[in-house]
Amino acid sequence: MHTAAGVEACLPIRSDMDLVWVRQHVRQAAARLGFGLVDQTKLITAASELARNTLVHGGGGQMEATQVGTAGAQGLRLAFTDEGPGIADLDLALSDGYTSGGGLGMGLSGARRLVHDFDIDTAPGSGTTVRVTCWVGRPPRPREEV
């Protein structure tokens, strides 16, 4: 079971400058939690792509950062939320190599590969929320069924 320590930050994403603040916050939070440099870089890269998507495709929104923990592991969960047009073809948007242009060219599939947990809620006309979680060291193992 994952427990959340509460939202530690809620940052607006309304301009290119906000993208800088998102990256800085993620970098500081990941370092504080003990992420290694490679894992920090992966998380910052994913956050940068998702924040840009929130701004460019969602018309702006916000990022919530939450420290999470489970037995023996701690991590950082980031939720990017917008009230834009939503994603019409989620399968296409998540396919490898798909990009609508303007970002880092990695798309949602690239961001998904950089994190341990990835979840997206979207529907045409109702906005998008993307949640990603990275765990310090390695992801916790799923609870085994007995």
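Conventions we followed
- Residues numbered from 1 in each chain as written.
- Predicted model: local features only at pLDDT ≥ 70, side-chain atom pairs only at ≥ 80, totals over all residues.
- Heavy atoms only, no water.
- Helix = DSSP H or I, 4+ residues; strand = E, 2+ residues; numbered from the N terminus.
- Expected span 1.5 Å × (residues − 1).
- Buried < 20%, exposed > 50% of the residue type's maximum accessible area, 1.4 Å probe, protein only.
- Contact = heavy atoms within 4.5 Å.
- Axes fitted to C-alpha atoms, helices over the stretch in contact; angles between N-to-C directions.
- Parallel < 35°, antiparallel > 145°, perpendicular 65-115°, else oblique.
- Left-handed = near helix turned anticlockwise from the far one by under 90°.
- Phe/Tyr/Trp six-rings, centres within 6.5 Å; stacked < 30°, edge-to-face > 60°.
- Lys NZ or Arg CZ within 6 Å of the ring centre and 35° of its normal.
- Core = buried A, V, L, I, M, F, W, Y, C linked by side-chain atoms within 4.5 Å.
- Pairing = 2+ DSSP bridges.
- Salt bridge = Lys/Arg side-chain N within 4 Å of Asp/Glu carboxyl O.

Trainee: Sorry if this is basic, but what is going on with helix H2 (residues 37-56) here?
Mentor: Three or four residues apart is the spacing at which side chains of an α-helix point the same way, because the helix has 3.6 residues per turn. Compared with an ideal rise of 1.5 Å per residue, which puts 20 residues at 28 Å, H2 spans 28 Å between its outermost C-alpha atoms and is within 8% of the ideal. Of all the positions in H2, only Gln 40, Leu 43, Ile 44, Ala 46, Ala 47, Ser 48, Glu 49, Leu 50, Ala 51, Asn 53, Thr 54 and Leu 55 are classed as buried.

Trainee: Before we go on, may I ask you to explain the environment of Ala 79 in this structure?
Mentor: Inspection of the secondary structure puts Ala 79 in strand E3 (residues 73-82). Residue Ala 79 is classed as buried on the basis of its relative accessible area of 13%. The contacts of Ala 79, once residues within four sequence positions are left out, are Gln 62, Met 63, Glu 64, Val 130 and Arg 131.

Trainee: Please explain the environment of Cys 10 as it appears in this structure.
Mentor: Turning to its location among the elements, Cys 10 is positioned in strand E1 (residues 3-13). Once the C-alpha coordinates of Cys 10 and Thr 66 are considered, the two residues, 56 residues apart in sequence, prove to be 9.1 Å apart.

Trainee: Hey, could you run me through the packing of helix H1 (residues 16-33) against H2 in this one?
Mentor: How two helices pack is summed up by the angle between their axes together with the distance between the axes. Close contact between H1 and H2 brings their axes to 9 Å; oriented N to C, the two are set at 155°. Taken together, the axes of H1 and H2 are roughly antiparallel relative to one another. By crossing handedness, the relation of H1 to H2 is classed as right-handed. Of the residues in H2, those in contact with Asp 16, Leu 19, Val 22, Arg 23, Val 26, Arg 27, Ala 30 and Ala 31 of H1 are Gln 40, Leu 43, Ile 44, Ala 47, Ser 48, Ala 51, Arg 52 and Leu 55.

Trainee: Can you help me understand the side chain of His 25 in this one?
Mentor: Note on placement: His 25 falls in helix H1. When its relative accessible area of 15% is taken as the criterion, His 25 is described as buried.

Trainee: Just to check I follow, could you spell out the packing of aromatic side chains for this structure?
Mentor: Aromatic rings in a pair are described by how distant their centres are and how their planes are angled relative to each other. Enumeration according to the criterion identifies zero aromatic pairs in this entry. When the ring centre of Phe 118 is taken as origin, the NZ or CZ atom of Arg 112, which lies over that ring, is 5.9 Å away.

Trainee: Sorry if this is basic, but what is going on with the nonpolar core here?
Mentor: Most often, soluble globular proteins have nonpolar side chains that are buried together. In terms of nonpolar packing, the biggest core is built from 31 residues, with Met 63, Leu 78 and Phe 80 touching the most fellow members. At the level of secondary structure, the elements contributing two or more residues to this core comprise E1, H1, H2, strand E2 (61-70), E3, helix H4 (107-114) and strand E5 (128-135). Take this core: its biggest share by element is seven residues, from H2. Other than its neighbours up to four places away in sequence, Phe 80 contacts Ile 13, Val 22, Ala 47, Leu 50, Ala 51, Thr 54, Gln 62, Met 63, Thr 128, Thr 129 and Val 130.

Trainee: Whenever I open this one, the pairing of E2 confuses me. Can you help?
Mentor: Residues in a regular strand project their side chains so that they alternate between the two faces of the sheet. Burial within E2 is extensive, with seven of its ten residues counted as buried. Relative to E3, E2 runs antiparallel, the two sharing ten bridges. Within E3, the position partnered with Val 68 by the bridge is Gly 75. If you look at the hairpin formed by E2 and E3, you'll find two residues sitting between the two strands, and Gly 72 has a positive phi there, around 80°.

Trainee: Sorry, what's going on with the pattern of salt bridges here?
Mentor: A side chain of one charge can pair with a side chain of the opposite charge if their charged atoms are brought near each other. A full pass over the atoms with the stated rule returns four salt bridges. In this structure, Glu 8 and Arg 32 form a salt bridge, with 2.8 Å as the shortest nitrogen-oxygen distance. Placement of Glu 8 in strand E1 and of Arg 32 in helix H1 is noted, with a sequence separation of 24 residues between them. The exposed category is assigned to Arg 32, whose relative accessible area is 55%. Each of the salt bridges in this network shares a partner with another, and the network as a whole consists of Asp 119, Asp 121 and Arg 131.

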